[in-house]
Amino acid sequence: MSDVTPPPAEAIAAQQAFDAATAEVQRVNALMPSSLAVGAGDASIPDELRAEWKKAWDARMDALWALREAKNWVGNGGPKAAEAALRLAARGGEHPQGAA
């Protein structure tokens, strides 16, 4: 594997924010009633839960745009290697520079 330039701190922070926002959307999704139950009229989605879901989804989209801006950094290993290095660094792993 070719050497990959370490990701900048702002890119790491953007990936971490996106990961956290994704986890929040998943948490809220788990609170939702089944779509089959809603479709059958056996359950409904309370307004408070709809608002919480929208807030979580909007935060995730904001984090996605920030991450896309931060991904202008590519490093010298190419886009795939840069993305892998960014995710690894954001999730607490070692930087894979020089790794085989």
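Residues numbered from 1 in each chain as written. Predicted model: local features only at pLDDT ≥ 70, side-chain atom pairs only at ≥ 80, totals over all residues. Heavy atoms only, no water.

A.B. asks: Describe the confidence of the model for the protein chain, naming the residues involved and giving the relevant values.
C.D. replies: Residues with a pLDDT of 70 or more make up 82% of the protein chain, whose mean pLDDT is 84. The secondary-structure element of the protein chain with the lowest mean pLDDT is helix H4 (residues 79-90), recorded at 83, while helix H2 (residues 35-40) shows the highest, at 95. Confidence drops under pLDDT 50 across residues 96-100; counting only partners more than four residues distant or on other chains, this segment forms 8 contacts. (pLDDT = per-residue confidence, 0-100. Helix = DSSP H or I, 4+ residues; strand = E, 2+ residues; numbered from the N terminus. Contact = heavy atoms within 4.5 Å.)

A.B. asks: Go over the pattern of salt bridges, please, and point to the residues and values.
C.D. replies: Under the criterion given, the structure shown has 5 salt bridges. Residues lysine 54 and aspartate 58 are paired through a salt bridge, measuring 2.7 Å at the closest nitrogen-oxygen approach. Taken together, the residues span about one helical turn, with lysine 54 and aspartate 58 both in helix H3 (residues 47-70) at a distance of 4 residues. Overall, lysine 54 belongs to the partly exposed group, its relative accessible area being 49%. The class for aspartate 58 is partly exposed, based on a relative accessible area of 32%. Glutamate 83 is paired through a salt bridge with arginine 87; the nearest N and O atoms lie 2.9 Å apart. Remark: arginine 87 and glutamate 83 occur in helix H4; sequence separation between them is 4 residues, near one turn of the helix. Judged by its relative accessible area of 30%, glutamate 83 is partly exposed. Via salt bridges that share partners, Glu24, Arg27 and Glu52 belong to a single interconnected network. (Salt bridge = Lys/Arg side-chain N within 4 Å of Asp/Glu carboxyl O. Buried < 20%, exposed > 50% of the residue type's maximum accessible area, 1.4 Å probe, protein only.)

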